[in-house]
Amino acid sequence: MPLAAQPAKLWGGRFTAEPSADMDRLNQSLPIDRRLWREDITGSQAWAAALGRAGVLSTGEADLLVEGLERVAARLATWPVHEWNDASDEDIHSLVERLLRVEVGAAAGKLHTGRSRNDQVATDTRLWGLGAVDRLDVFIRDVISALVSCAEANVDTVMPSYTHLQRAQPVVAAHWALAHAWAISRDRDRLRDARPRVGVMPLGSGAIAGCPFPVDREALREELGFTTISPNSIDAVGDRDWIAELLFVSASLGVHLSRLAEDVILFSSAEFGFVRLSDQYSTGSSLMPQKRNPDAMELARGKSGRLIGGLMLMLTVLKGLPTGYNKDLQEDKEALFDAVDTLETMLPAVAGTIRTLRFNAPRAAAAIDPSMLATDIAEFLVRGGVPFREAHEMVGRLVRAAEEAGCSLAELPRDSFLAVSPVFESAELTKLFDPAQAVQARASVGGTSPESVRAQINALKLQLTAS
Ligand code: ARG
């Protein structure tokens, strides 16, 4: 094997002894950061070109490095799994530099001029982060769009809403679906809002104090597609706020998906029976032939745990670090990659589950018992001039009377209503107990009336078409 083909440390000069195997095993980040190879090559090509423009390298040297890196990229693109598994390089930066040496010989040693792995790894990870933000954005958009479609199909499907998981007031199923859509749309806003903070370019910060060569960082930024350049080299090499931020967005999204999943799991149970999941997103039991399990939703609920865990991991690593780069920061990538991988697996399955679930409108309507209209009855009295507190008390007495008589509120004789208040003279009681009417009445902006719900659908659709 030619010498360059052997893994070598990028920092061996001042040491007389090799690190122990145990130290190497702890220190090696290649199994995690190998997925940054494209970003590492892109960043290195830009750096070589910048060194050329700054006159630190001759044009010939810069071109040689850029072309050599291109050949390394071509090689890595088809590198078999066993090559990756066998590579004992410390990290992706060491591996790329070693392979570059194979391509261009000793000139490879000029690439690292004015650069440190501290600004290099921060640059690579942020480049990867920008791609991840854009990919996640599309997946999240699709979940919102699935919820909006579900809403469109169920503008007139009435169902109970719940507070304390006790039946509260009738709503339309579309209103329920949109409640989740809005929460997830806020996560999408957060993700997009974070993008410019992901897009800060640390390259040119060196190990901590900056670069002594006249490299044009603004041109580098432009070439690499970053939004801005880091204003402080000490901050630049130690800043992982943007990862914590993406992990927060992931955790928040995880919590929202988990709550959606919990609803769907409940609603698909025989006890509720409001929705039926499609076969495509259900699984059976190996023992009980009748089972139809909502596994996709359960996994979405379960995986939110690891998303929350990733955020805890990152914040805990950052807390108490002295200023500048510290090796602890190497732990950042596993959390980031895992959150993005998890979401990229979860989001399409959640979108598919929502898109293919069907509401059982008669079952959902049947779950609305007349006592859920007690508030509407009180509001009828309010319209007749009764102060709300008194109306509340009067309807409370009717609820108690119904309970004592062992019937529903709607089954109480008209006389019971008249005994409580003469305002009921003018009441068409059957209308008062119609859930569709109750829903129709809540026509405030953001309310559950079909008209208000259509306005929400339009607002979300506008967001979705805008981006
Ligand atoms: N693998 C390291 C990381 O992910 C690269 C930076 C190493 N820097 C250093 N000074 N040893 O953070």
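Scroll up for the structure.
Residues numbered from 1 in each chain as written. Predicted model: local features only at pLDDT ≥ 70, side-chain atom pairs only at ≥ 80, totals over all residues. Heavy atoms only, no water.

A.B. asks: Can you walk me through helix H6 (residues 92–104) in this structure?
C.D. replies: Since one α-helical turn is 3.6 residues long, residues separated by three or four positions face the same way. Here H6 contains 13 residues, and its C-alpha end-to-end distance of 18 Å stays within 8% of the 18 Å for a straight helix at 1.5 Å per residue. With respect to burial, H6 is a largely interior element, ten of its 13 residues being buried. Along H6, the residues that are buried comprise Ile92, His93, Ser94, Leu95, Val96, Glu97, Arg98, Leu99, Leu100 and Val104. Tucked inside the fold, the buried residues of H6 contact helix H2 (30–33), helix H3 (37–53), helix H4 (59–77), helix H5 (81–86) and helix H7 (117–153). Looking at the residues trailing H6, positive phi occurs at Gly105, about 75 degrees. (Helix = DSSP H or I, 4+ residues; strand = E, 2+ residues; numbered from the N terminus. Expected span 1.5 Å × (residues − 1). Buried < 20%, exposed > 50% of the residue type's maximum accessible area, 1.4 Å probe, protein only. Contact = heavy atoms within 4.5 Å.)

A.B. asks: Just to check I follow, could you spell out the packing of aromatic side chains for this structure?
C.D. replies: Overall, the coordinates contain eleven aromatic pairs when judged by the stated rule. Each member of the aromatic cluster is reached from another via a ring pair, and the members are Tyr162, Trp176, Phe267, Phe272, Phe274 and Phe359. Residue placement shows Arg35 over the ring face of Phe337; its charged tip is 4.6 Å from the ring centre. The positively charged end of Arg135 is found above the aromatic ring belonging to Trp128, 5.5 Å away from the centroid. (Phe/Tyr/Trp six-rings, centres within 6.5 Å; stacked < 30°, edge-to-face > 60°. Lys NZ or Arg CZ within 6 Å of the ring centre and 35° of its normal.)

A.B. asks: Would you explain the layout of surface pockets in this entry?
C.D. replies: Over the atoms a probe the size of a water molecule is rolled, and this reveals where empty space is left. When its volume is computed, the largest pocket comes out at roughly 420 Å³. The wall of the largest pocket is formed by 18 residues, among which Trp176, Ala179, His180, Arg259 and Asp263 lie closest to the centre. Within the residue set of the lining of the largest pocket, elements represented by two or more residues are strand E1 (158–163), helix H8 (173–198) and helix H11 (241–267). Of the residues belonging to the lining of the largest pocket, the class tally is ten nonpolar, four polar and four charged. (1 Å grid on protein atoms, 1.4 Å probe; cavity = no way out; pocket = protein on both sides within 12 Å on 5 of 7 lines; lining within 4 Å. Points joined across faces, edges and corners; volume = space filled by probe spheres on them. Nonpolar A, V, L, I, M, F, W, Y, C, P; charged D, E, K, R; others polar.)

A.B. asks: Which parts of the structure should I look at to understand the site of the ligand?
C.D. replies: Close to the ligand lie Ser29, Asp33, Asp91, His93, Arg117, Asn118, Val121, Tyr325, Lys327, Gln330 and Lys333, which account for all nearby residues. Between Ser29 and the ligand, the recorded distance is 3.1 Å, taken from a side-chain N or O atom to a nitrogen atom. The protein chains hide 86% of the 350 Å² of surface that the ligand would expose on its own. A total of three residues in the shell around the ligand trace back to one element, the largest contributor, which is H7. Taken together, the residues of the shell around the ligand break down into two nonpolar, four polar and five charged. (Near = heavy atom within 4 Å. Polar contact = N/O pair within 3.5 Å; in protein donor to acceptor, adjacent residues only side chain to side chain. Areas by Shrake-Rupley, 256 points an atom, 1.4 Å probe, with all protein chains shown as cover.)

A.B. asks: Just checking my understanding: could you explain empty space enclosed by the protein for this structure?
C.D. replies: In total, this model carries one cavity of 30 Å³ or more according to the counting rule given. In this model, the largest cavity occupies a volume close to 40 Å³. Leu10, Asp40, Ser44, His93, Val96, Glu97, Leu111, His112, Arg115 and Gln120 together form the lining of the largest cavity. Here the lining of the largest cavity gets three residues from one element, more than from any other, and that element is H6. The residue makeup of the lining of the largest cavity, split by class, is three nonpolar, four polar and three charged.

A.B. asks: Please clarify how the pattern of salt bridges should be interpreted in this entry.
C.D. replies: Opposite charge on two side chains makes pairing possible when the charged atoms of those side chains draw close. In the structure shown here, the tally under the stated rule is 32 salt bridges. One salt bridge connects Glu393 with Arg397, and the closest N-O pair in it is separated by 3.7 Å. Pair noted here: Glu393 and Arg397 are both in helix H16 (residues 388–405), with a separation of four residues, about one helical turn. Given the relative accessible area of 47%, Glu393 is considered partly exposed. Here the salt bridges share partners, and the residues they tie into one network are Glu90, Asp91, Arg117 and Lys327. (Salt bridge = Lys/Arg side-chain N within 4 Å of Asp/Glu carboxyl O.)

A.B. asks: Help me understand the environment of Pro212 in this model?
C.D. replies: Relative to the assigned elements, Pro212 resides in the loop between strand E3 (200–201) and helix H9 (217–224). Judged by relative accessible area, Pro212 falls into the exposed class, the value being 69%.

A.B. asks: Looking at this structure, I do not really get the side chain of Lys333. What am I missing?
C.D. replies: Structurally, the position occupied by Lys333 is in helix H13 (residues 332–356). Beyond its immediate sequence surroundings of up to four residues, Lys333 is in contact with Ile32, Asp33, Leu36, Val121 and Thr125.

A.B. asks: For this particular structure, what's the right way to read the nonpolar core?
C.D. replies: Burial of nonpolar side chains together is a common tendency in soluble globular proteins. Counting 107 residues, the largest nonpolar core has Leu76, Leu95, Ile184, Leu220, Leu257, Ile354 and Phe359 as its most contacted members. With near-sequence residues (within four places) excluded, Phe359 lies in contact with Cys150, Asn154, Thr157, Met159, Ala173, Trp176, Phe274 and Val275. In terms of nonpolar packing, the next biggest core, distinct from the first, is built from 23 residues, Ala374, Val386, Val395 and Phe424 among them. (Core = buried A, V, L, I, M, F, W, Y, C linked by side-chain atoms within 4.5 Å.)

A.B. asks: I keep staring at helix H20 (residues 450–466) and nothing clicks. Help me out?
C.D. replies: If you check H20, its first and last C-alpha atoms are 24 Å apart, about what 17 residues at 1.5 Å a residue would give, namely 24 Å. Taken together, the buried positions of H20 are occupied by Pro450, Ser452, Val453, Gln456, Ile457, Leu460 and Leu464. In a view along the axis of H20, the buried residues occupy a sector of 160 degrees, so they form one face of it. Those residues of H20 that are exposed and aimed more than 90 degrees away from the buried face are Glu451, Leu462, Thr465 and Ala466. (Arc of directions from axis to C-beta.)

A.B. asks: Sorry, what's going on with a nonpolar patch on the surface here?
C.D. replies: A grouping of Val255, Ile308, Met312 and Leu315 is seen on the molecular surface, where their side chains present a nonpolar patch of about 310 Å² in accessible area. Ranked by residue count, the leading element in the nonpolar patch is helix H12 (residues 295–318), at three residues. Along the chain, Ile308 falls in helix H12. (Patch = residues over 30% accessible without salt bridge, like charges linked within 9 Å, V, L, I, M, F, W, Y side chains within 5 Å.)

A.B. asks: What's the story with the packing of H3 against H4 in this structure? I'm lost.
C.D. replies: Two quantities define a packed helix pair, namely the angle between the helix axes and the distance between the axes. Two numbers describe how H3 lies on H4: the axes approach to 8 Å, and their chain directions differ by 170 degrees. By the criterion of interaxial angle, the relationship of H3 to H4 is roughly antiparallel. In this structure, H3 uses Trp37, Ile41, Ser44, Gln45, Ala48, Ala49 and Gly52 to contact H4, whose residues at the interface are Ala62, Leu65, Val66, Leu69, Glu70, Val72, Ala73, Leu76 and Ala77. Of the residues assigned to the contact of H3 with H4, the class counts are twelve nonpolar, three polar and one charged. (Axes fitted to C-alpha atoms, helices over the stretch in contact; angles between N-to-C directions. Parallel < 35°, antiparallel > 145°, perpendicular 65-115°, else oblique.)

Just geometry here; none of it tells us what the structure is for.
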